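Topology and contacts: notes
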Amino acid sequence: MYALSSASQQPKRTAPIVKIALAAVAFITTHIALPAQAARFVIEDGKAPQEVSETSRIYVDGKLVATFELDDRTPEKHAVVTTSDDMTHSYALCGEIVIRNTEGKPETHQVNSEGMLRNPDKHVFQAMGANDFTDFYLIDPQNPDAATHHPARTGACALPTS
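What you are looking at is a predicted structure, and each value in this text was computed from that prediction instead of being measured.

Reading guide: rules and limits
- Residues numbered from 1 in each chain as written.
- Predicted model: local features only at pLDDT ≥ 70, side-chain atom pairs only at ≥ 80, totals over all residues.
- Heavy atoms only, no water.
- Helix = DSSP H or I, 4+ residues; strand = E, 2+ residues; numbered from the N terminus.
- Buried < 20%, exposed > 50% of the residue type's maximum accessible area, 1.4 Å probe, protein only.
- Contact = heavy atoms within 4.5 Å.
- Areas by Shrake-Rupley, 256 points an atom, 1.4 Å probe, with all protein chains shown as cover.
- Pairing = 2+ DSSP bridges.
- Polar contact = N/O pair within 3.5 Å; in protein donor to acceptor, adjacent residues only side chain to side chain.
- Phe/Tyr/Trp six-rings, centres within 6.5 Å; stacked < 30°, edge-to-face > 60°.

**Side note on the overall build of the protein**
From N to C terminus, the protein includes one helix and 11 strands. Each of the 162 residues in the protein was classed as buried or not, and the buried ones make up 31%. Taking the intrachain contacts of the protein between residues at least 6 apart in sequence as the baseline, contacts between residues at least 24 apart amount to 59%. Per element, the accessible surface of the protein, about 10500 Å² overall, is 55% carbon and sulfur.

See below:
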């Protein structure tokens, strides 16, 4: 390797130890995968006007990251979630929503779904209910492609029986 000397503008040799160090740095940066940065994102949930109450659990990569209990006294909550990297992560939403039906009577819906969060760092995901509160999923309204979901019951939400 050569470096230009400002005094003479002539190439001058670098010491052999510097050559070895620079070669090692070049090898490491091009051949060894460094760990990805952690991701930090927010999950929000709010009680819809038709809801009497809601209890929901959010899992990311199979780990419980938040539990929300919503009612008239606590109409919304949020959780800050940190993952080890900013890659794709699975999620599951599990819960029970009590709504007032058209006759004004309470009606309980077991809701759950699963999906994927893509590069979730700095996103704000909202828990959304759809199809008369039978579908439940995460979405970032500013970037809808950041999350996908499968509107079907997921085994991740099965309660243990003993």
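**So, the pairing of strand S5 (residues 63-70)**
Pairing of strand S4 (residues 51-60) with S5 involves seven bridges; the strand directions are antiparallel. Note on S5: the bridge partner recorded for serine 56 is phenylalanine 68. Where S4 folds back on S5, the antiparallel hairpin that results is connected by two residues, among which aspartate 61 adopts a positive phi of roughly 55°.

**Observations regarding the environment of phenylalanine 133**
Mapped onto the elements, phenylalanine 133 comes out in the loop between strand S9 (124-130) and strand S10 (135-139). Measuring from C-alpha to C-alpha, the distance between phenylalanine 133 and alanine 48 comes to 10.0 Å, with 85 residues separating the pair along the chain. Other than its neighbours up to four places away in sequence, phenylalanine 133 contacts Ala48, Gln50, Glu51, Ile97, Ile99, His109 and Val111.

**A few points about the environment of valine 80**
With respect to the helices and strands, valine 80 occurs in strand S6 (residues 76-83). In this structure valine 80 comes out as partly exposed when scored by relative accessible area, which is 43%. In sequence terms valine 80 and valine 42 are 38 residues apart; their C-alpha atoms lie 4.5 Å from each other. Those residues in contact with valine 80, other than ones at most four positions away along the chain, are Arg40, Phe41 and Val42.

**Quick notes on the environment of tyrosine 59**
Within the fold, tyrosine 59 resides in strand S4. Between the C-alpha atom of tyrosine 59 and that of leucine 93, which follows or precedes it by 34 residues, the distance is 6.6 Å. A polar atom in the side chain of tyrosine 59 sits 3.2 Å from the side chain of arginine 57.

**Here we look at the packing of aromatic side chains**
Tallied over the entire structure, the rule returns one aromatic pair. Ring geometry for phenylalanine 41 versus phenylalanine 125: centroids 5.7 Å apart, planes at 90°, classification edge-to-face. A residue pair is termed long-range when its members are at least 10 positions apart, and phenylalanine 41 in strand S3 (residues 39-46) and phenylalanine 125 in strand S9 qualify at 84 residues. The pair phenylalanine 41 / phenylalanine 125 is uniform in exposure class, with both members buried.

Interpretation note: all reported values are geometric properties and have no functional meaning in isolation.
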